[in-house]
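So the chains spell out like this:
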Amino acid sequence: MWTNVRAVIRREYMQRVRSRWFIASTVMAPVFMIGLMVVPAYFAQQGDESERTLAVVDGTNVLYERLASKLEEAGYDVFEQRWHSDVVTELRQMAEDGAIGGFIMLDELTLETGEAILYATSRPNLIRQVTLRGAISRAALEFQLQQQDVDVDALLAGGELRIEMLAETVSGGDDPQFFVAYMGSFLLYMVILVYAISVMRATLEEKTSRIVEVIISSMEPWHLMLGKIVGVGAVSMTQMAIWLFVGGLAFVSGLPMLIAAQPELAELSTIRDALPGLGVTGLFVGFFVFGFLMYSGLYAAVGAMCNSDEEAQQAQFPVLLLLVIPIVMVVGVIENPSTPLSTGLSLFPLFTPILMWARVAGGGAPAAEVALSFVLMFLATLAIAWVAGRIYKVGILMAGKRPTLPELWRWIKEA
Amino acid sequence: MKGDFAVRLNGVTKRFGKHTAVDHFDFDVPRGVICGLLGPNGSGKTTSIRMIMGILHPDEGSVSLFGGDPDRMRREKVGYLPEERGVYKKMRCLEFITFLGEIRGVPRSEGRKRGGSWLDRLGLEGSADKKVEDLSKGMQQKIQFIGTVIHEPELLILDEPFSGLDPINQDVLEEIVRDFHARGTTILFSTHLMDQAERLCQRVCLISNARKVLDADLKELKAAERRGVVAVEFEGPDDWLRGPEIERVEVAGGGLHLILRDGADHQEILKRGVSAGARFLRFDLVEPRLHEIFVRHAGVDAATAAGVPAGAMGERP
């Protein structure tokens, strides 16, 4: 009995993994992403080193040390030039010779308003402007505060808001991580949808090409549906594994390269801190697996009851809606993870993958609720398999018009 | 002795809305025979076969295969070639064949081996690694046929297997069907081509308008119907042809077939012809052609419809 299910799984898997579409989306997508990171870094590295060398003429006599350390952090080579009457002419000459990228003049006004002048041979790009401006005004600010005996470093670090949770929660970190929560939800939505629809299309194709009559005469419809879903699911897992691996590689090796080339982007490295840990990644996979099983079952049933792509486009709408509703609500749920509404919605099995993930990654889901959501998804998966299996069994061999709701109900009862 | 039958239909009825596609159909296919299911388009052949294959469920009556539960038997012992050919277009031919074997329990290596030798036999040596969609319709049909027999079934059910093949390939397929028969396989196929059935079948079942017309051993049937047809060639007057013994006259070959009424004596016709001055070149008591038998039992209308080529009339589902 299981050899035929295995045969269907193998067929679905091999056909898809070998297809151009799979290779393109699995391999090319991360390559493209990495390209987006690495290519600009490469170009930046091509830029003249001398552009990163700046002279500072400190008319205030107090700011140079602070400013220099900040600029060095951002990847500049800085040296101080004492003020004398010909300093501008001299530095201008150096800049024209290409020895330095430019020079900054600080004066009394800088201390009061943060204003300064940058003499440069070419107009610096926006990131550099922002970096330089920030460094100068911050140096001035720090100096002024120090005059007042304020602990400048602690205050300017942005302070700290320590959060004490009153209940134990499952989360990726101490802070709500909007980025990870939202991207994860969206990724779940995309991947579940793409693969569930691909189960529908495969079902529809078998039905319209009539090959299904031969297959069904050799195996139970239920086995065919199971093999199809598992096969397509295995493809999706393969794709995600490759993405995770390549994505991890990109962060481990690509990001440092990028930062090395463009030190102004050093803040990107904090993304790494925001990335979910192993446990949360495991939950993500769990949400995906159940989400895929539930929706691919529904989509298989839709495929089995239709006779053409156009019909299927219409018939899939209610199922699609079930997937779109949580994605519409996801921002609200991330922002208010603990309200009764968020809790209730995220426990509805068909919404759970997207919404419970959002709560987990956003840091607001008690462990007990997460566990409960998995139990509910498991039960829902069984229920959907039962209903969809019956619709599939009748529908897959049925020609003619799409069934009405009462007819569908009869199929479920009689199958 | 229910075990002697490969297929047994018992009062099977199928209705689509108000239309009755198959009406109280009793039908046995003994083990080891080649049996033809004959009838015009829309007479219920495909519907009957789809019920045997469990694709449709009869509204009344029952189906049994090898005297047992049809679902289990079907999966183990039956090879089925549907009328509407379906393939996985994107699959490579040998892979497709191997897959069809695999879902019926043929190990992959074995399926590949058998598939390869079938491809050779059907003149598709170079196509093993081609995609099915890149082959012609006729070649795809051969691939599908290989998929039907890859697990060496005990019962082959072929729905219009010859339609869509050129005469050479029809002969190849006939040859293969005979081979399977020689090895003890039971074969049930439907066709609207009477000549083909006549050449190939040991048993025939004629259906028309959803009802069984007759169901018999072909040799016995022909022997029993022999009295009825006389082939004649003659010169001279032909008014003697209008006699009480003669039901109809058909043009056949260079002469005429006289189809006699039941119980008519051909000797009387000969006498009348000779005395009318006809000069006989041939007066031959012939085995009736299947077509004639069919007409005799089902009426001219049904038989005319049976002459319509496949696809010219839509078969009802």
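Here the structure is a predicted model, which is why all the values come from computation and not from measurement.

All names here are of chain B. Their axes nearest at 11 Å, the elements helix α8 (residues 218-225) and helix α10 (residues 290-298) cross at an angle of 70°. Comparing the axis directions of α8 and α10 gives the class roughly perpendicular. Regarding α8 and α10, the two cross each other, and that crossing is left-handed. Of α10, the residues touching α8 (which contributes Leu218, Leu221, Lys222 and Glu225) are Leu290, Ile293, Arg296 and His297. Its residues assigned to classes, the contact of α8 with α10 comprises four nonpolar, one polar and three charged.

Right, let's get into the packing of helix α3 (residues 93-102) of chain B against helix α5 (residues 137-149) of chain B. Residues and elements named next belong to chain B. Following both chains from N to C, one finds α3 and α5 inclined at 30°, their axes separated by 8 Å at the closest point. On the basis of their axis angle, the class for α3 and α5 is roughly parallel. The chirality of how α3 crosses α5 is right-handed. In this structure, α3 contributes Cys93, Phe96, Ile97 and Leu100 to the contact, and α5 contributes Ile143, Ile146 and Gly147.

Our next topic: the pattern of salt bridges. Tallied over the full model, the rule gives 38 salt bridges over all chains. The partner of Asp23 of chain B in a salt bridge is Arg211 of chain B, and the shortest N-O contact between them spans 2.9 Å. Residue Asp23 of chain B is found in strand β2 (residues 19-30), and its partner Arg211 of chain B is found in strand β9 (residues 211-217); the two are separated by 188 residues along the sequence. Note that Asp71 of chain B is salt-bridged to Arg74 of chain B, the shortest N-O span being 2.7 Å. Highlighted residues: Asp71 of chain B and Arg74 of chain B, both in helix α2 (residues 70-77), separated by three residues, approximately one helical turn. The exposure class assigned to Arg74 of chain B is buried, which follows from its relative accessible area of 6%. A single network of salt bridges, built from pairs that share partners, joins Arg10 of chain A together with Glu95, Glu102, Arg108 and Arg112 of chain B.

With a probe scaled to a water molecule rolled over the atoms, the places where space remains empty come into view. Under the definition given, this model contains three cavities of 30 Å³ or more. Size it by volume and the largest cavity reaches roughly 100 Å³. What lines the largest cavity is Leu81, Leu122, Gln141, Lys142, Phe145, Pro161, Leu165, Asn169, Val172, Leu173 and Ile176 of chain B. Secondary-structure elements contributing two or more residues to the lining of the largest cavity are α5 and α6 (167-182) of chain B. With four residues, the top contributor of residues to the lining of the largest cavity is α6 of chain B. For the lining of the largest cavity, the class distribution of residues is eight nonpolar, two polar and one charged. Here the second largest cavity defines a volume of roughly 60 Å³. The wall of the second largest cavity is formed by Ala7, Arg10, Arg11, Met14, Gln15 and Arg18 of chain A together with Met91, Glu95, Phe99, Glu102 and Arg108 of chain B. If you list the elements that add at least two residues to the lining of the second largest cavity, you get α1 (2-17) of chain A together with α3 of chain B.

In this section: the domain arrangement of chain A. By the assigned domains, chain A splits into domain 1 (48-157) and domain 2 (165-414). For domain 1 of chain A and domain 2 of chain A, the distance between their C-alpha centres works out to 52 Å.

Residues and elements named next belong to chain B. Positive phi, close to 50°, is recorded for Glu160, a residue that is not glycine. Take Glu160: it is sitting in the loop between β6 (155-159) and α6. Overall, Glu160 belongs to the buried group, its relative accessible area being 4%.

Residue and element names in this part refer to chain B. Read from one edge to the other, the open sheet built from four strands follows the order β11-β12-β10-β13, with strand pairing classed as antiparallel. In this open sheet, the two strands that pair with only one neighbour each are β11 (246-252) and β13 (279-285). Across this sheet, the average inter-strand angle for adjacent strands is 25°, counted without regard to direction. Packing of helix α9 (residues 266-275) onto the sheet brings it into contact with β10 (229-235), β11, β12 (255-260) and β13, and relative to β13 it is tilted by some 175°.

Applying the stated criterion across every chain yields a total of 19 aromatic pairs over all chains. Aromatic side chains Phe348 of chain A and Phe351 of chain A sit 4.8 Å apart centroid to centroid with 75° between the ring planes, which places their arrangement in the edge-to-face category. Of the residues examined, Phe348 of chain A reaches a relative accessible area of 37% and is grouped as partly exposed. An aromatic cluster of at least three residues, connected via ring pairs, comprises Phe234, Trp240, Phe280 and Phe283 of chain B.

Procedures and definitions
Every chain is numbered on its own, with residues counted from 1 as its sequence reads. Whichever chain is written first is A, and whichever ligand is written first is 1; the rest continue in order. In keeping with the predicted nature of the model, local features appear solely for residues at pLDDT of at least 70, side-chain atom pairs appear and are counted solely at 80 or more, and the whole-chain, interface and lining totals rest on all residues. No hydrogens and no water enter the side-chain calculation; it runs on all heavy atoms of the structure. Lines are fitted to the C-alpha atoms to define the axes, a helix being fitted only along its stretch in contact, and any angle between axes, read from their N-to-C directions, falls within 0 to 180 degrees. Numbering goes from the N terminus for both helices and strands, where a helix is a DSSP run of H or I of at least four residues and a strand is a run of E of at least two. The cut-offs work like this: below 35 degrees is roughly parallel, past 145 is roughly antiparallel, 65 to 115 is roughly perpendicular, and the gaps in between are oblique. Crossing handedness is read from the near helix: turned anticlockwise from the far helix by less than a right angle, it gives a left-handed crossing, and turned clockwise, a right-handed one. Two residues qualify as a contact provided that any one of their heavy atoms is within 4.5 Å of a heavy atom in the partner residue. Under the convention adopted here, Pro, Cys and the residues Ala, Val, Leu, Ile, Met, Phe, Trp and Tyr are nonpolar, Asp, Glu, Lys and Arg are charged, and Gly plus all remaining residues are polar. Only one rule defines a salt bridge in this text: a Lys or Arg side-chain nitrogen within 4 Å of an Asp or Glu carboxyl oxygen. Buried residues are those whose accessible area, probed at 1.4 Å on protein chains only, stays under 20% of the maximum for their type, while exposed residues exceed 50% and partly exposed ones sit between those limits. Method remark: on a 1 Å grid restricted to protein atoms, a set of points is classed as a cavity if a 1.4 Å probe fits but cannot get out and as a pocket if it is open with protein on both sides within 12 Å along at least five of seven lines; lining residues have an atom within 4 Å of a point. Grid points are joined across faces, edges and corners, and a volume is the space filled by probe spheres set on the points. Each domain's limits were defined by an automated method or a database of domain assignments. The pairing criterion is simple: DSSP has to find at least two bridges between the two strands. Here a Phe, Tyr or Trp ring, Trp counted by its six-membered ring, pairs with any other such ring whose centre lies within 6.5 Å, and the pair is stacked when the planes are under 30 degrees apart, edge-to-face when over 60, and tilted otherwise.

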